[in-house]
2 protein chains.
Amino acid sequence: MALEHAILVSLLEKPGSGYELARRFDRSIGRFWTATHQQIYRVLNRMEREGLLAVREVPQQGRPDKKEYSVADPGRAALSRWLHEPIEPESLRHDLAVKIRGTAFDDPAALIGEVERHRAAHCDRLAHYLAGELRDFTGPDAPAPLDAGQELQHVVLRGGIAYERMTIAWLDDVLATLHTLGTKASDVAAPQGSTPAPSA
Amino acid sequence: MALEHAILVSLLEKPGSGYELARRFDRSIGRFWTATHQQIYRVLNRMEREGLLAVREVPQQGRPDKKEYSVADPGRAALSRWLHEPIEPESLRHDLAVKIRGTAFDDPAALIGEVERHRAAHCDRLAHYLAGELRDFTGPDAPAPLDAGQELQHVVLRGGIAYERMTIAWLDDVLATLHTLGTKASDVAAPQGSTPAPSA
DNA sequence: CTTGTCTATGCAACGAGTTGCATAGAAAGC
DNA sequence: GCTTTCTATGCAACTCGTTGCATAGACAAG
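Residues numbered from 1 in each chain as written. Chains lettered and ligands numbered in written order. Predicted model: local features only at pLDDT ≥ 70, side-chain atom pairs only at ≥ 80, totals over all residues. Heavy atoms only, no water.

## Points about the side chain of His154 of chain A
- Among the structural elements, His154 of chain A can be located in helix α7 (residues 148-183).
- Residue classification places His154 of chain A among the buried positions, given a relative accessible area of 8%. (Helix = DSSP H or I, 4+ residues; strand = E, 2+ residues; numbered from the N terminus. Buried < 20%, exposed > 50% of the residue type's maximum accessible area, 1.4 Å probe, protein only.)

Here it is in structure tokens:
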């Protein structure tokens with residue numbers, strides 16, 4: 001279970017409540033993992049039961065009390081053990097790629113809007129990552145010599161930036177392909193079923 | 001549920017049994033999705049019950065009989081409906097990125113082997129994709145004018161190629177970072193717990 | 001003064017995905 | 001003769017992940 005390890009890393013970087021973790025996972029520049037607050041609360045409870053985490057009730061005023069979690073020694077040991085285990089290179093699950101191949105059996109032009117939406121979302125993320133990089137690592141307000149943790153966060157962020165740039169370029173390629181197919185529209189695989197293609 | 005849609009696309013491209021689907025999902029050059037045979041059999045059964053697929057028992061000699069699935073009209077319609085729905089841009093879940101950030105609380109040098117292993121795996125995949133591209137799309141044995149389905153498969157494959165190239169370059173960046181941190185080893189975040197760092 | 005948003009936590013139910021095991025005939029290698 | 005590998009399907013049990021709902025006080029906008 002990698003969520004467990006992601007939580008350990010995040011809590012080592014900075015202790016916090018389930019709510020705060022959920023927001024970090026949502027909005028963190030390093031955005032290397034996603035999880036809903038439900039999942040996080042459930043895993044936090046389990047990890048606390050197993051002694052991996054320590055909890056501290058923090059009373060607050062003007063807002064509900066919170067439970068601040070931090071990593072206990074067994075949690076640190078568990079993380080260390082995981083770091084020394086080999087893991088499998090991840091396998092992609094890319095919905096949009098499924099849609100692109102699926103559009104061979106539908107109207108290619110109909111996918112253009114969707115691809116453009118995705119492209120815009122990836123441009124947003126890229127801008128967000130670049131702003132974060134400037135703020136935390138390469139700008140004038142960044143700490144002068146970065147420590148090891150910051151260097152590692154930076155290299156992960158560079159990965160995110162490279163990913164977004166690559167994806168945007170690929171989506172441009174996809175759009176060009178869809179436009180080309182749109183012009184010579186009629187060589188779409190003939191639908192055998194309920195949705196006959198209007199022959200322009 | 002995107003597995004359902006991936007199965008529809010794959011069966012439209014070519015009908016086949018659960019076993020064959022599992023192998024396609026495993027080894028397909030387009031490798032856009034992963035699933036175990038268990039999951040595939042279960043979903044195939046459900047989709048058949050729902051009338052999305054048609055089955056044909058195919059007796060074979062020298063090997064067990066198989067059930068060849070193909071897409072029925074309602075399945076085609078379901079795919080078409082899904083293609084016209086917007087989907088969210090996928091969110092990454094990158095174990096290795098978690099490990100990289102986690103190594104701030106451990107020995108950075110210990111991760112080098114792991115990262116090299118991943119790099120090698122991505123190089124293999126890239127070689128595999130490039131071979132497939134040459135065979136199916138750009139080489140002398142490829143069909144001369146590609147039809148729409150092939151163009152779309154090609155652009156998805158180009159995405160896979162771009163992803164692997166980007167990843168390999170990023171892993172080189174990661175390795176360089178880890179080596180740099182290895183030389184100035186002692187500014188690792190001081191462990192507070194059970195694993196004291198050996199000061200080189 | 002009502003609606004909506006933000007902080008903060010959680011239950012219940014469901015769906016997605018994994019792991020281990022079982023069956024069973026054919027072929028290939030040791 | 002034995003083990004392993006390949007084809008082919010499936011059950012059972014489990015964990016992981018999502019969705020909908022509930023609570024509850026504080027604050028801001030209309």
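## Overview of the relation of the copies chain A and chain B
- At an RMSD of 0.1 Å, chain A and chain B line up after a rotation of 180° and a shift of 0.0 Å along the axis. The transformation just described matches what one would write down for a two-fold rotation axis. When C-alpha positions in chain A are compared against the rotation axis, the closest is assigned to Met166 of chain A, at 3.5 Å.
- Taken as a fraction of all interface residues of chain A, those also at the interface in chain B reach 99%, which identifies the copy contact as same-surface. (Least-squares fit on C-alpha atoms with pLDDT ≥ 70 in both. Contact = heavy atoms within 4.5 Å.)

## A closer look at the interface of chain A and chain B
- Facing 75 residues of chain A, the contacting portion of chain B comprises 75 residues.
- For the pairing of chain A and chain B, the buried interface totals around 7,400 Å² over both sides, and the portion due to carbon and sulfur atoms is 63%.
- Three residues stand out in chain A for area buried against chain B, namely Arg76, Glu90 and Arg101 of chain A, and they jointly supply 11% of the buried area on that side.
- In this structure, Asp173 of chain A engages Arg158 of chain B in a salt bridge whose closest nitrogen and oxygen atoms are separated by 2.7 Å.
- Scanning the region where chain A abuts chain B turns up 29 residue pairs in polar contact (both at pLDDT 80 or more).
- Elements that contribute at least two residues to the side of chain A that touches chain B include exactly α1 (2-13), α4 (73-84), α5 (95-102), α6 (112-138) and α7 of chain A.
- Looking at which element gives the most residues to the side of chain A that touches chain B, the answer is α7 of chain A, with 18 residues.
- Broken down by class, the residue content of the side of chain A that touches chain B amounts to 37 nonpolar, 20 polar and 18 charged. (Buried area = accessible area lost by both parts, 1.4 Å probe. Salt bridge = Lys/Arg side-chain N within 4 Å of Asp/Glu carboxyl O. Polar contact = N/O pair within 3.5 Å; in protein donor to acceptor, adjacent residues only side chain to side chain. Nonpolar A, V, L, I, M, F, W, Y, C, P; charged D, E, K, R; others polar.)

## Here we look at the protein's contact with DNA strand D
- Residues in contact with DNA strand D amount to 22 residues; listed here are only the nearest, Met1 and Arg42 of chain A together with Gln38, Gln60 and Lys67 of chain B.
- Within the backbone of Gly18 of chain B, a nitrogen or oxygen atom sits 3.5 Å from a phosphate oxygen of DNA strand D.
- Within the contact set of DNA strand D, a base oxygen lies 3.2 Å away from a side-chain nitrogen or oxygen of His37 of chain B. (Near = heavy atom within 4 Å.)

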